[in-house]
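Each chain is listed here by its residues.
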Amino acid sequence: MEQLKLATRNGRHQRTVIDVNGVKVGKDFIVIAGPCSVESEEQTLETAFKVKAAGAHMLRGGAFKPRTSPYTFQGLGLQGLKILEKASRLTGLPVVTEVVDPRDVHWVCEFADVLQIGTRNMQNFALLKEVGKANKPVLLKRGMYSSLKEWLYSIEYILNEGNPRVILCERGIRTFETYTRNTLDLSAIPAMKELSHLPILIDPSHATGRAEMIEPMSLAAVSAGADGLIIEVHPDPRRALSDNAQQLTPQHFEQLMKKIHKLVVFHQRLNLEVNEELT
Ligand code: PEP
Ligand code: MN
């Protein structure tokens, strides 16, 4: 790992905090929420207002969808980005959206506050270099087949191009288990905190593929020390055009946010109390 000059901690103790329009990722616990895909203005605005009311810090939504099958919904593209921009303007929430093609990076930057690199593109080196030149923070998901070391090298590609604002996201890896969509590697949280100085989020939606598992995995992520969560929310999950089994209703999301908030406060108090007892 000696070549990983920028992605690793290299003896430094200070963690990187990434400011996204005033949202301090790596300092405060943050939650990004929104639909898997931008399907319409109505669906996106309704979700944006509801997740904002529940306490979300940023809005997510895919306009370019990297789908396994070429025959399923591929996203609204530019029209989707314009809808996200409107939702952001009306709610004040910064927008996180995926970019899949190096040629799109410069103009997607005009609509997005954070550029997401999806699991399938973690080792798309042309794309990593391009977002490394961009003037926007990057949310880099772990490849579903990638080791932590490979993930660190992908981070290095972005940092090496001059973009220091990289947020990590563990979204589950492929194992022999098929009951869940992926296997959530919660140990990636303490591991990447040890190895890297960058903030790490958990995506329980893609990790499990099951709405009923989002809550326990979100709470486990808080306890394991994650810097935040990215959660899929849809006004009518059963009718979603993508990932319909794993999206939460706005009502369920609101309940979950209450529990997350209480658990975050509990952990802060626990750390303070134990530190006091030790000194
Ligand atoms: C997404 O967040 O919309 C997505 C496609 O996730 P992943 O790349 O983790 O599958
Ligand atoms: Mn999805």
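The present account deals with the structure reproduced in this document. The structure displayed is predicted, hence computed values, not measured ones. (Residues numbered from 1 in each chain as written. Chains lettered and ligands numbered in written order. Predicted model: local features only at pLDDT ≥ 70, side-chain atom pairs only at ≥ 80, totals over all residues. Heavy atoms only, no water.)

1. Remarks on the packing of aromatic side chains
Here's step 1: Applying the stated criterion across every chain, the model contains two aromatic pairs.
Here's step 2: Between Phe64 and Trp107 the ring centres are 5.9 Å apart and the planes differ by 75°, which places this aromatic pair in the edge-to-face class. In this pair, Phe64 sits in the loop between β4 (58–60) and α2 (78–91) while Trp107 sits in helix α3 (residues 105–108), placing the two residues 43 residues apart along the sequence.
Here's step 3: Residue classification places Phe64 among the buried residues on the basis of a relative accessible area of 15%.
Here's step 4: By relative accessible area, which is 23% here, Trp107 ends up partly exposed.
Here's step 5: Residue placement shows Arg210 over the ring face of Tyr179; its charged tip is 3.8 Å from the ring centre. (Phe/Tyr/Trp six-rings, centres within 6.5 Å; stacked < 30°, edge-to-face > 60°. Helix = DSSP H or I, 4+ residues; strand = E, 2+ residues; numbered from the N terminus. Buried < 20%, exposed > 50% of the residue type's maximum accessible area, 1.4 Å probe, protein only. Lys NZ or Arg CZ within 6 Å of the ring centre and 35° of its normal.)

2. Some points on the pairing of strand β5 (residues 95–98)
Here's step 1: Of the two faces of β5, the one lined by Val95 and Thr97 and the one lined by Val96 and Glu98 are each fully buried.
Here's step 2: Of the strand pairs in this sheet, β4 and β5 are connected by two bridges, and their pairing is parallel. Directly across from Arg60, in β5, lies its bridge partner Val96.
Here's step 3: Tracing the backbone out of β4, into α2 and back to the parallel element β5 gives a crossover that is right-handed. (Pairing = 2+ DSSP bridges. Right-handed = clockwise from strand over helix to strand, strands pointing away.)

3. Examining helix α9 (residues 250–278)
Here's step 1: Between its first and last C-alpha, α9 extends 42 Å over 29 residues, near the 42 Å set by a 1.5 Å rise per residue.
Here's step 2: Within α9, burial applies to Pro250, Phe253, Leu256, Met257, Ile260, Leu263, Val264 and His267.
Here's step 3: For α9, the elements touching its buried residues are β3 (30–34), α1 (41–54), α8 (214–223) and β10 (228–232). (Expected span 1.5 Å × (residues − 1). Contact = heavy atoms within 4.5 Å.)

4. Quick word on the site of ligand 1
Here's step 1: In the neighbourhood of ligand 1, the contacting residues comprise Arg60, Lys65, Glu98, Gln116, Gly118, Thr119, Arg120, Lys141, Arg171 and His206.
Here's step 2: Side-chain polar atom of Arg120 to an oxygen atom of ligand 1: 3.1 Å apart, as the coordinates give it.
Here's step 3: For ligand 1, an oxygen atom lies 2.8 Å from a polar atom in the side chain of Lys141.
Here's step 4: Protein burial of ligand 1: of its 290 Å² of free accessible surface, 96% is covered by the chains. (Near = heavy atom within 4 Å. Polar contact = N/O pair within 3.5 Å; in protein donor to acceptor, adjacent residues only side chain to side chain. Areas by Shrake-Rupley, 256 points an atom, 1.4 Å probe, with all protein chains shown as cover.)

5. A look at the pattern of salt bridges
Note on pairing: side chains with opposite charge can pair once their charged atoms come close.
Here's step 1: Counted by the stated rule, this structure contains 17 salt bridges.
Here's step 2: With a closest N to O distance of 2.9 Å, Glu46 and Lys50 form a salt bridge. With a gap of four residues between them, Glu46 and Lys50 both fall in helix α1, about one helical turn apart.
Here's step 3: By relative accessible area, which is 32% here, Glu46 ends up partly exposed.
Here's step 4: Several salt bridges converge on common partners, so that one network encompasses Arg142, Glu170 and Asp185. (Salt bridge = Lys/Arg side-chain N within 4 Å of Asp/Glu carboxyl O.)

6. A word on the layout of surface pockets
Here's step 1: Roughly 430 Å³ of internal volume is contained in the largest pocket.
Here's step 2: For the largest pocket, the lining is made up of 16 residues, of which Lys27, Phe29, Gly225, Ala226 and Asp227 are closest to its centre.
Here's step 3: Sorting the residues of the lining of the largest pocket by element identifies α8 and α9 as the ones contributing at least two each.
Here's step 4: Among the elements that line the lining of the largest pocket, the one with the most residues is α9, at four residues. (1 Å grid on protein atoms, 1.4 Å probe; cavity = no way out; pocket = protein on both sides within 12 Å on 5 of 7 lines; lining within 4 Å. Points joined across faces, edges and corners; volume = space filled by probe spheres on them.)

7. What to know about the packing of α1 against α9
Here's step 1: At a minimum axis distance of 9 Å, the contact between α1 and α9 shows a crossing angle of 20°. The pairing of α1 with α9 is recorded here as roughly parallel in orientation. α1 and α9 meet at a crossing whose hand is right-handed. Where α1 abuts α9, its residues Lys50, Val51 and Ala54 lie against Pro250, Phe253, Glu254 and Met257.
Here's step 2: Of the residues contributing to the contact of α1 with α9, the split by class is five nonpolar, no polar and two charged. (Axes fitted to C-alpha atoms, helices over the stretch in contact; angles between N-to-C directions. Parallel < 35°, antiparallel > 145°, perpendicular 65-115°, else oblique. Left-handed = near helix turned anticlockwise from the far one by under 90°. Nonpolar A, V, L, I, M, F, W, Y, C, P; charged D, E, K, R; others polar.)

8. Digging into the sheet that holds β3
Here's step 1: On the basis of which strands lie adjacent, the closed barrel formed by eight strands has the order β3-β4-β5-β6-β7-β8-β9-β10 and parallel pairing. Across the sheet, the mean angle separating the axes of adjacent strands is 25° when strand polarity is ignored.
Here's step 2: In this structure, strand β8 (residues 166–170) lies alongside strand β9 (residues 200–202), joined through three bridges in parallel fashion. From the neighbouring strand, Leu168 faces β9, where its bridge partner is Ile200.

Geometric descriptors of this kind do not, in isolation, establish any biological role.
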